[in-house]
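Listed below are the residues making up each chain.
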Amino acid sequence: MSEFFTTKRIVILMIIIILGIVLGRLAVRAFLNIMLGGSLFGGDFL
């Protein structure tokens, strides 16, 4: 049983890390688009 829980914990940690990386990159990209007036909202603000 301990091996099952360890494997399950590793899988959950991997999913959380992957989601964190993806969401982090999206947040950075959105922040840079807002700061630089990018095309995130379909137009340049500056």
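Preceding this paragraph is the structure being described.
Treat the numbers as computed from the prediction; the structure is a model and nothing was measured.

## So, the overall build of the chain
So, step 1. Along its length, the chain carries one helix and zero strands.
So, step 2. Counting the 46 residues in the chain, one finds 4% classified as buried.

## Here's the deal with a nonpolar patch on the surface
So, step 1. On the surface, Val-11, Ile-15, Ile-18, Leu-19, Val-22, Leu-23 and Leu-26 cluster together to form a nonpolar patch covering roughly 640 Å² of accessible area.
So, step 2. Positionally, Val-11 belongs in helix H1 (residues 2-36).
So, step 3. Taking relative accessible area as the criterion, Val-11 reaches 41% and is therefore assigned partly exposed.

So, how was this worked out
Sequence order as written defines the numbering, with residues in each chain counted from 1. In keeping with the model being predicted, local features are shown solely for residues with a pLDDT of at least 70 and side-chain atom pairs are shown and tallied solely at 80 or more, while totals for entire chains, interfaces and linings include all residues. For the side-chain quantities, the full set of heavy atoms in the structure was used; hydrogens and water were omitted. Secondary structure elements are defined from DSSP: runs of H or I of at least 4 residues count as helices, runs of E of at least 2 residues count as strands, and each element is numbered from the N terminus. Each residue gets one of three labels from its accessible area relative to the maximum for its type: buried under 20%, exposed over 50%, partly exposed in between, using a 1.4 Å probe on protein chains only. Two distance rules govern patches: like charges are joined within 9 Å, and nonpolar side chains (Val, Leu, Ile, Met, Phe, Trp, Tyr) within 5 Å, applied only to residues with over 30% relative accessible area and no salt bridge. Per-residue and other accessible areas were derived by the Shrake-Rupley procedure at a 1.4 Å probe size, with only the shown protein chains allowed to occlude residues. Salt bridge, as used here, is a side-chain nitrogen of Lys or Arg placed within 4 Å of a carboxyl oxygen of Asp or Glu.

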